[in-house]
Amino acid sequence: MINKVTLVGNLGRDPEVRTLENGVKVATFSLATNENYKDKNDTWQKLTEWHNIVAWRGLAEKSERDLKKGDMAYVEGKITHRKYTDKEGVERSITEIVANTLYSLEKRESSPGGSIPPPDQDNAPTNAKDDLPF
């Protein structure tokens, strides 16, 4: 069985990063994907779908360091569903994408020496337009 999602979209907000009691970092952010289609009147329409993204450990640190609201990002992960009780005691459901691969698709500014520092090794390159797996 396979549970795999691939998304390319824009961040709706800066990643929110928390450190749990055990020291593990977790980041959450929203990602918007767009679909264009023609309606029955032959007029182009744009449909925006919002996705809740969760990134753990090194990917949480990477998202905090490399991503900000409006940035385009590539996310691979799995769909999860969970229930929680809000502050008013109401049980709610949420669908999330737990990231296992995360790339920034934004061009990075060159350093004063004129070169981009090598990417960290915790996952994928931070500027990966040419390194996408498709």
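Structural data are supplied above this passage.
About the thresholds
Residues numbered from 1 in each chain as written. Predicted model: local features only at pLDDT ≥ 70, side-chain atom pairs only at ≥ 80, totals over all residues. Heavy atoms only, no water. Helix = DSSP H or I, 4+ residues; strand = E, 2+ residues; numbered from the N terminus. Buried < 20%, exposed > 50% of the residue type's maximum accessible area, 1.4 Å probe, protein only. Areas by Shrake-Rupley, 256 points an atom, 1.4 Å probe, with all protein chains shown as cover. Pairing = 2+ DSSP bridges. Polar contact = N/O pair within 3.5 Å; in protein donor to acceptor, adjacent residues only side chain to side chain. Arc of directions from axis to C-beta. Contact = heavy atoms within 4.5 Å.

Engineer: Where do I start with the overall build of the chain in this structure?
Structural biologist: A tally of helices and strands in the chain yields one helix and six strands. Moving toward the C terminus, one meets the helices and strands of the chain in the order β-β-β-β-α-β-β. A burial count over the chain gives 34% of its 134 residues as buried. Here the chain has roughly 9,200 Å² of accessible surface; of this, 47% comes from carbon and sulfur atoms.

Engineer: I keep staring at the pairing of strand 2 (residues 16–19) and nothing clicks. Help me out?
Structural biologist: Looking along a regular strand, one sees the side chains alternate between the two faces of the sheet. One ladder, built from four bridges, connects strand 2 with strand 3 (residues 25–38); its direction is antiparallel. When the bridges of strand 3 are listed, V17 appears paired with A27.

Engineer: Please explain the side chain of D86 as it appears in this structure.
Structural biologist: Structurally, the position occupied by D86 is in the loop between strand 5 (72–85) and strand 6 (91–104). Reaching out from D86, the side chain makes a polar contact with the backbone nitrogen of E88 at a distance of 2.9 Å.

Engineer: What is the right way to look at the pairing of strand 4 (residues 44–56) in this model?
Structural biologist: Note: strand 3 against strand 4, 13 bridges, orientation antiparallel. Of the residues in strand 4, the one forming a bridge with S30 is N52. Between strand 3 and strand 4, which pair antiparallel and follow one another directly, the connecting turn spans five residues, one of which, D42, has a positive phi of 65°.

Engineer: Explain helix 1 (residues 57–66) to me, please; I cannot follow it from the model alone.
Structural biologist: A turn of α-helix holds 3.6 residues, and therefore any two residues three or four places apart point the same way. Within helix 1 the residues assigned to the buried category are L59, A60, K62, S63 and D66. For helix 1, the angular spread of the buried residues around the axis is 165°, confining them to a single face. The secondary structure elements touched by the buried residues of helix 1 are strand 2, strand 3, strand 4 and strand 6.

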